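# Observations on chain architecture
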Amino acid sequence: MEVINQAIFKRFSLFTIIGLSFVAVFNVADVIGYIPRSEPSPGLVDFHSYWYSGQYVLQGSDPYEAYLKDEPLHFPIVHVDGVISTEASIRQRVSQKETVPANTAPIVLLLTSLSLFSWRTAGAVWIVCNLVLGILVPYATWICIKKYVPYDVKT
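All of the points below concern the structure found in this document. Source: prediction; values computed, not measured.

From N to C terminus, the chain includes six helices and two strands. Helices and strands in the chain line up, N terminus first, as α-α-α-β-β-α-α-α. Residue pairs in contact within the chain that sit at least 24 positions apart in sequence constitute 78% of those at least 6 positions apart. If you sum the accessible surface of the chain, you get close to 9800 Å²; carbon and sulfur atoms cover 67% of it.

Written out as structure tokens, the structure is:
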């Protein structure tokens, strides 16, 4: 019976390693596809709403209230990386009304730190964070699952 259990765990471990490796490779490949784009792209729509909301916070406004009242940002915006943004340079392809503050207040405040940078720089940092998490999460999942496997997997 123990031999059967070991064979089941070995197969489960092998499928888990293959599955998590596939997830990591897919995440990296998916994120790398967004690197060449400089304007807000369909892959960065979620981040644009966070970044755009952060612009309101940096100007001393409540992004939720600004959304409800349809208040515009004050331009030009000077970023810490030296880039000066105009309305046309940061406008998403969707309308401003669709740029909804998409998170709870603590997350908006946390992500506001990326709003200090221009869109291109902040997008690159966001992509790097996604790459790191795309590799780290499957690895951490494997580490957590591995402790339940009763032996070392050597294939």
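Attention now moves to the packing of aromatic side chains. Taken as a whole, this structure holds five aromatic pairs when the rule is applied. The interplanar angle of 65 degrees and the centroid separation of 5.8 Å between the aromatic rings of Tyr50 and Trp126 together place this pair among those described as edge-to-face. One end of the pair, Tyr50, is in helix 2 (residues 45-58); the other, Trp126, is in helix 6 (residues 119-146), with 76 residues separating them in the sequence. Overall, the relative accessible area of 16% leaves Tyr50 in the buried class. Judged by its relative accessible area of 16%, Trp126 falls in the buried class. On the numbers, 5.3 Å between centres and 70 degrees between planes, the contact of Trp51 with Trp119 is edge-to-face. With Trp51 in helix 2 and Trp119 in helix 6, this pair connects stretches of sequence that are 68 residues apart. By relative accessible area, Trp119 is classed as buried at 5%.

Bringing helix 6 into the picture now. For helix 6, which comprises 28 residues, the first-to-last C-alpha distance of 40 Å matches the rise-based estimate of 40 Å (1.5 Å per residue) to within 8%. Among all positions of helix 6, only Trp119, Ala122, Gly123, Trp126, Ile127, Leu131, Gly134, Pro138 and Trp142 are buried.

Attention now goes to unusual backbone geometry. Cis geometry is adopted by the peptide bond preceding Pro76, which originates at Phe75 and carries an omega value of 0 degrees. Looking at where Pro76 falls in the secondary structure, it is placed in the loop between helix 3 (63-69) and strand 1 (77-78). Here the phi dihedral of Asp70 falls at roughly 55 degrees; this positive angle occurs in a residue that is not glycine. Along the chain, Asp70 falls in the loop between helix 3 and strand 1.

A word on the environment of Asp46. For Asp46, the position within the fold is in helix 2. The class of Asp46 is partly exposed, set by a relative accessible area of 38%. Each C-alpha atom, one on Asp46 and one on Val100, is 9.6 Å from the other, the two residues being 54 residues apart in sequence.

Phe47, Trp51, Leu73, Ile90, Leu114 and Trp126 are the most contacted members of the largest nonpolar core, which has 17 residues in total. Secondary-structure elements contributing two or more residues to this core are helix 2 and helix 6. Residue contacts for Leu73: discarding those within four places in its chain leaves Tyr52, Gln55, Tyr56, Gln59 and Ile90.

A few words on the environment of Ser85. Inspection of the secondary structure puts Ser85 in strand 2 (residues 84-85). Relative accessible area serves as the criterion here: at 3%, Ser85 is assigned to the buried category. Separated by 33 residues in the primary sequence, Ser85 and Ser118 place their C-alpha atoms 7.2 Å from one another. Here Ser85 is in contact with Phe75, Pro76, Ile77, His79 and Ile90, once residues within four sequence places are set aside. Here the side chain of Ser85 touches His79 through a polar contact of 2.7 Å, side chain to side chain.

Rules used throughout
- Residues numbered from 1 in each chain as written.
- Predicted model: local features only at pLDDT ≥ 70, side-chain atom pairs only at ≥ 80, totals over all residues.
- Heavy atoms only, no water.
- Helix = DSSP H or I, 4+ residues; strand = E, 2+ residues; numbered from the N terminus.
- Contact = heavy atoms within 4.5 Å.
- Areas by Shrake-Rupley, 256 points an atom, 1.4 Å probe, with all protein chains shown as cover.
- Phe/Tyr/Trp six-rings, centres within 6.5 Å; stacked < 30°, edge-to-face > 60°.
- Buried < 20%, exposed > 50% of the residue type's maximum accessible area, 1.4 Å probe, protein only.
- Expected span 1.5 Å × (residues − 1).
- Core = buried A, V, L, I, M, F, W, Y, C linked by side-chain atoms within 4.5 Å.
- Polar contact = N/O pair within 3.5 Å; in protein donor to acceptor, adjacent residues only side chain to side chain.

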